[in-house]
Each structure stands twice: as structure tokens, then as C-alpha cells.
Amino acid sequence: MKIKLIVVGKTDKGPLQDLIADYCKRLTHYIPFELQVIPDLKKTKHLDVQQQKQKEGELILKEINTSDWLVLLDEAGKSFTSMQFAQELQKKLNAGTKQLVFIIGGPYGFSDAVYQQAKQKISLSKMTFSHQMVRLFFVEQIYRGFTILKNEPYHHQ
């Protein structure tokens, strides 16, 4: 299985970029992993929220294969503990999933077209975090999930 994390917009803060890159590198010891950044839309002040979500959605869907298992990070999604998330990763591995794709959308969420393609929605928290922080938290959780599956001492119960 391969894991791809698609994010809308670049991470501006150097320290956050460094931490995200560190966890991405760590992940490659366990599984093929790719972080794909879809550039911020240009000239959005003339677009309403729906138009912006639609344009971002079109860019996202260009990066998806029909065989991908698409998971949206969405505030209305299911919450997991780290142990439960690790079990979810194991289920995808056991099912023979070729590519597991997680998506962190833009500031207004996802278009209807992206929601229609999704097979699952997960939530990191009921709190709201910046999209840049979510990237760090989520790559760390994927990494943590694999250390749990490998019984490595990173996660403490």
C-alpha cells in the first residue's frame, strides 16, 4: 500500500515545514508516503465560497485515481484514538488497498464532488486548527499508527 496526503496550499512557517518533513521522512521507513501540495488558488477575492471550493475540488480530483481509497479530514468525520487509527491503517493494509489518500482541504472545506468521491471522513478533533497545524498533527498520527503496528516504543499506553 502507498499513502498519499493531499493538502491545499503551502505551509508558510519554516519550523512547521521542518517538522512535517521530518515525519514524512520517518514514515518512508514503514510505507511509501507522498505529501502532495495543491497550490493556493490565485485571485480568489472575486470568488464566493462555493466557487472556491469547486475550483479546489477540481484540482484535488485531478490527483485521485478511481481505485484510491479516499479519506477526507473533516470536522464532521469519525474520531479515533491513536490505537483505533492504527487499527484502521491495518484494516486498509489487510484489504489490499493500493493507495490510501488522505485530503486536507482548503479554508472552506470540500466541494460536493470531492465529498461524493470520498469513502470515509475522519476528524482529528472537535476543535478547529489551522490547516498548517493539521498537516503536522496528521503526519505525526500516521507515523504513530505505524509505530503502534510495529510495537515500537514511540506510543505509550
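The coordinates are above.
Just so it is clear, the structure is predicted and the values come from calculations on it, not from any experiment.

**Q** Mind laying out the overall build of the protein, listing which residues take part and the relevant values?
**A** For the protein, the count of helices and strands is 5 helices and 5 strands. Along the chain direction, N to C, the helices and strands of the protein fall in the order β-α-β-α-β-α-β-α-β-α. Taken over the C-alpha trace, the protein has a radius of gyration of 15 Å; the compact-globule value for 157 residues is 15 Å, and the two agree within 12%. Each principal axis of the C-alpha atoms in the protein carries an extent, and together these give about 50 × 35 × 30 Å. Residues classed as buried in the protein amount to 43% of the 157 residues present. For the protein, the proportion of contacts with a sequence separation of at least 24, taken over those separated by at least 6, is 85%. Just so you have it, the protein exposes about 9,100 Å², and 51% of that area is on carbon and sulfur atoms. Positive and negative side-chain charges in the protein, numbering 22 and 16 respectively, have mean positions lying 2 Å apart.

**Q** For helix α3 (residues 82–94), give the residues involved together with the corresponding values.
**A** In a regular helix each residue adds 1.5 Å, so 13 residues correspond to 18 Å; α3 covers 18 Å between its end C-alpha atoms and thus fits that length. Of the residues making up α3, those classed as buried are Ser82, Phe85, Ala86, Glu88, Leu89 and Lys92. Along the axis of α3, the buried positions cluster into a sector of 155°, meaning they face one direction only. Exposed and facing more than 90 degrees away from the buried side of α3 are Lys91 and Asn94.

**Q** Report on the pattern of salt bridges, specifying residues and quantitative values.
**A** Pairing between side chains becomes possible if they bear opposite charge and their charged atoms approach one another. Applying the stated criterion across every chain yields a total of 5 salt bridges. For Glu34, the salt bridge goes to Lys2, with nearest N and O atoms at 3.0 Å. Of this pair, Glu34 sits in strand β2 (residues 33–38) while Lys2 is found in strand β1 (residues 2–8), placing the two residues 32 residues apart along the sequence. The class of Glu34 is partly exposed, set by a relative accessible area of 27%. The exposure class assigned to Lys2 is partly exposed, which follows from its relative accessible area of 28%. Residues Arg144 and Glu140 are paired through a salt bridge, measuring 2.8 Å at the closest nitrogen-oxygen approach. Remark: Glu140 and Arg144 occur in helix α5 (residues 131–149); sequence separation between them is 4 residues, near one turn of the helix. The pair formed by Arg144 and Glu140 is uniform in burial state, with each residue classed as buried.

**Q** Outline the nonpolar core, supporting the account with residue identities and numerical values.
**A** Of all hydrophobic cores here, the largest spans 25 residues; its most connected members are Ile3, Leu5, Phe33, Phe102, Phe138 and Ile142. Within the residue set of this core, elements represented by two or more residues are β1, α1 (14–27), β3 (69–79), α3, β4 (99–104) and α5. Not counting the four nearest positions on each side in its chain, Phe138 is found in contact with Leu5, Leu73, Phe85, Phe102, Ile122 and Leu124. In this structure, Val8, Ile38, Val101 and Phe110 belong to the second largest nonpolar core, which totals 11 residues.

Cut-offs and rules
Residues numbered from 1 in each chain as written. Predicted model: local features only at pLDDT ≥ 70, side-chain atom pairs only at ≥ 80, totals over all residues. Heavy atoms only, no water. Helix = DSSP H or I, 4+ residues; strand = E, 2+ residues; numbered from the N terminus. Rg over C-alpha atoms; globule rule 2.2 N^0.38 Å. Buried < 20%, exposed > 50% of the residue type's maximum accessible area, 1.4 Å probe, protein only. Contact = heavy atoms within 4.5 Å. Areas by Shrake-Rupley, 256 points an atom, 1.4 Å probe, with all protein chains shown as cover. Lys, Arg positive; Asp, Glu negative; His and termini not counted. Charge placed at Lys NZ, Arg CZ, Asp CG, Glu CD. Expected span 1.5 Å × (residues − 1). Arc of directions from axis to C-beta. Salt bridge = Lys/Arg side-chain N within 4 Å of Asp/Glu carboxyl O. Core = buried A, V, L, I, M, F, W, Y, C linked by side-chain atoms within 4.5 Å.

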